[in-house]
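In case you want the letters, here they are:
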Amino acid sequence: GAHVVHSWDIEWVTASPDAFARPVVGINGQWPLPVVEAFVGDTLQITIHNKLGNESTGIHWHGIHQIGSNEQDGPAHVTQCPVAPGQSFTYEFVLDKSGTYWYHSHTGTQYPDGLRGALIIKDHIDPYVAAYDEEYLLTLSDWYHGEVPSLLTAMFTTANAAQLRPPVPQSGLINEESNLVANNTFKFEAGKKYKFRVINMSALASVLLFLEDHDFIIIETDGQYTKPATASFLHITPAQRYSIIVQAKTDATRNYALQAVFDINPDFRNPRVGFPINTTAGLEYDASLPFPSQFIVPSFNVFDDFTLSPLDELPITGAADNTITLDFSLGADAAGLPSAFVNNVSYVHQKVPTLYTVLSAGGEAENPDIYGAVNPYFVKKGEVVDIILNNRHTAHHPFHFHGHHFHVCERTATGSGVFTGEVDCSNSPLVRDVVAVNALASVVIRFKADNPGVWLIHCHIEWHVPMGLSATIIEDAFEIQKTIDVPEEHFEICKAGCYPTKGNAAGSLDLTDLSGITNVEND
Ligand code: C2O
């Protein structure tokens, strides 16, 4: 494949996507951020230069498997140190699978300040090439007038512990713009077929996406081609993606609305005051005719992505070799602050990236006690692994697993949030890398452990990450030691210490931490 090379200055710029001007994290002086496009099999090489001045950074390539390249995955304190102001860092990895992906900051809670963009991996031979004429990109994102550090300060108060309310967005953006600034239009020609790649880059909001008087065909879930399935709307949680194909009308007598309904109750129960937020784009058949007005969304049944099957991926049948149960909930910690728990432990990232602990731990690498509060769970290469996600909380949580896509084998109705029974994964189940776990319900996901590495599994409501709603799957620690090669420059950036993202004094990192199995928790 080709070598696709980019050099990015990460720096603050001012933007006003909903008419309110505020600082946002830009790339090379621009925001919205560049769309990264390449072909499957290409190598992507992106060097970032942190010119933020006051925050560290780093980029996760959401949905990329990083086969054999775990050290390129991007989450700070998991597979690398944060990239401090003034430092540079080069990511280089092979794009192993086509599909719709995105990139976002995975340092602190930074991406709601704007560091998020689309990553499109095209096929040399697209199985659906005959099914559409043109392709559009459609990103959805909730938007906040406050900046992340102040939003976090407001969230982490004892007064908020009873509510556990994350920050509330002011706007819902389509392609990083709201109707207050501009009307997004997608040109439609009568009779043609259009593919839309849809990405929800929100920190909190789930989105219902409706096309006025146009049904469509779903062909992708999170980088996985699906068998074609007709739908009239999408329910898309933070970090999920879809591709759909829309058949245009045969005549061009008016323009139609594409309506994105952003809600902060991600499962659309009891909408709160001011919500949902409706953002409209136009399917523009004729530019001389008026932009469509917002339409009243039709009543709809609960959307069921569970019925979508992969086009070409075989089920992993039989019984699992290893089952990991993650019971999770939200609550207050000992200090009375909002907190999240996975099997009663609130994840705290460690100054020493967990991958480096694996590499330096020798024969102790499967001893959970050396890792600190990262909720480590161990699997062995070759195993078929089931992860039971038991949601003990009264709201839905979209869970993302790094390093793999997975089969969604089971999903229970709202009830206890404790899965009991047999896992049946034989029926060509939905394949994704982010799955919605409904309130007080369970989901069982399955993957084949074929990619040694340290992989986070976490709620992709970004405000729940600093609350601790994460766990770590350490996929064959001893294989990691044999196969994962961390470039020297990755260790170099650690020497500057882990610059904080919340505006506190810089914590320093003693390099002896890298050689030992003692972890230092962040301040
Ligand atoms: Cu898109 Cu760990 O996340």
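The structure displayed is predicted, hence computed values, not measured ones.

(A) Region of the structure containing the overall build of the protein. Secondary structure summary: the protein contains five helices and 30 strands in total. Taken against the 2.2 N^0.38 rule, which gives 24 Å for 523 residues, the C-alpha radius of gyration of the protein at 22 Å falls within 12% of a compact globule. C-alpha atoms of the protein, sized along the principal axes, occupy 70 × 55 × 50 Å. Taking all 523 residues of the protein together, the buried fraction comes to 51%. A separation threshold of at least 6 residues defines the contact pool for the protein, and within that pool the share at least 24 residues apart is 79%.

(B) Molecular detail of the UniProt feature "domain: Plastocyanin-like" (unreviewed entry) in the protein. The sites that carry the UniProt feature "domain: Plastocyanin-like" (unreviewed entry) are, in the present numbering, residues 10-124, 134-271 and 348-476. Its end C-alpha atoms 31 Å apart, residues 10-124 is made of 0% helix and 43% strand. Helix makes up 5% of residues 348-476 and strand 38%, with an end-to-end C-alpha separation of 22 Å.

(C) Local environment of the environment of isoleucine 217. Tracing the backbone shows isoleucine 217 in strand β14 (residues 216-221). Expressed as a C-alpha distance, the spacing of isoleucine 217 and alanine 131, which sit 86 residues apart in the sequence, is 10.0 Å. Residues contacting isoleucine 217, with those up to four places away along its chain left out, are Pro228, Ala229, Thr230, Ile244 and Ile245.

(D) Structural view of the sheet that holds strand β3 (residues 36-39). Sheet architecture is open: four strands sit in the order β3-β8-β7-β5, paired in mixed fashion. In this open sheet, the two edge strands, each paired with only one partner strand, are β3 and β5 (59-62). Pairs of neighbouring strands in the sheet enclose a mean axial angle of 20 degrees, with direction left out of account.

(E) How the structure looks around the sheet that holds strand β2 (residues 22-27). The strand order across the open sheet built from four strands is β2-β1-β4-β6, with neighbouring strands paired in mixed fashion. At either margin of the open sheet sits one strand with a lone partner, and together these are β2 and β6 (88-94). Mean inter-strand twist for the sheet, computed between neighbouring axes without regard to direction, equals 20 degrees. Here strand β1 (residues 3-15) runs beside β2; their pairing, made up of six bridges, is antiparallel. From the neighbouring strand, glutamate 11 faces β2, where its bridge partner is glycine 26.

(F) How the structure looks around the pairing of strand β25 (residues 406-411). Most of β25 is tucked away: six of the six residues are buried. Here β25 runs beside strand β26 (residues 431-432); their pairing, made up of two bridges, is antiparallel. The partner of phenylalanine 406 across the bridge, within β26, is arginine 432. Pairing analysis gives four bridges linking β25 to strand β28 (residues 442-448), with the strands arranged antiparallel. Opposite valine 408, over in β28, you have isoleucine 445 as the bridge partner.

(G) Examining the nonpolar core more closely. One finds Val198, Ile244 and Ile445 to be the most contacted residues of the largest nonpolar core, which totals 133 residues. With six residues, the top contributor of residues to this core is strand β18 (residues 256-263).

(H) A look at helix α1 (residues 148-155). Turning to α1, its buried residues number three or more, namely Val148, Leu151 and Leu152. Buried residues along α1 cover an arc of 100 degrees about the axis, so they all sit on one side. Counted as exposed and oriented over 90 degrees from the buried face of α1: Ser150 and Thr153.

(I) Looking closely at the domain arrangement of the protein. Splitting the protein by domain gives domain 1 (3-125), domain 2 (130-307) and domain 3 (322-486). Counting residues at the interface gives 24 residues for domain 2, matched by 25 residues for domain 3. In terms of residue class, the side of domain 2 that touches domain 3 is made up of 13 nonpolar, eight polar and three charged.

(J) Highlighting the confidence of the model for the protein. The pLDDT averaged across the protein works out to 91; a share of 93% of its residues lies at or above 70. When the criterion is pLDDT under 50, residues 499-523 qualifies, and its contacts beyond four places in sequence or with other chains add up to 60 contacts. Across the interface, the model reports ipTM at 0.99; the global pTM reads 0.95.

How each quantity is defined
Residues numbered from 1 in each chain as written. Predicted model: local features only at pLDDT ≥ 70, side-chain atom pairs only at ≥ 80, totals over all residues. Helix = DSSP H or I, 4+ residues; strand = E, 2+ residues; numbered from the N terminus. Rg over C-alpha atoms; globule rule 2.2 N^0.38 Å. Buried ≥ 20, exposed ≤ 12 C-beta atoms within 10 Å, placed from the backbone. Contact = placed C-beta atoms within 7 Å. UniProt positions renumbered as here; feature names shortened; annotations may be inferred. Pairing = 2+ DSSP bridges. Axes fitted to C-alpha atoms, helices over the stretch in contact; angles between N-to-C directions. Core = buried A, V, L, I, M, F, W, Y, C linked by C-beta atoms within 7 Å. Arc of directions from axis to C-beta. Domains from an automatic or database assignment. Nonpolar A, V, L, I, M, F, W, Y, C, P; charged D, E, K, R; others polar. pLDDT = per-residue confidence, 0-100.

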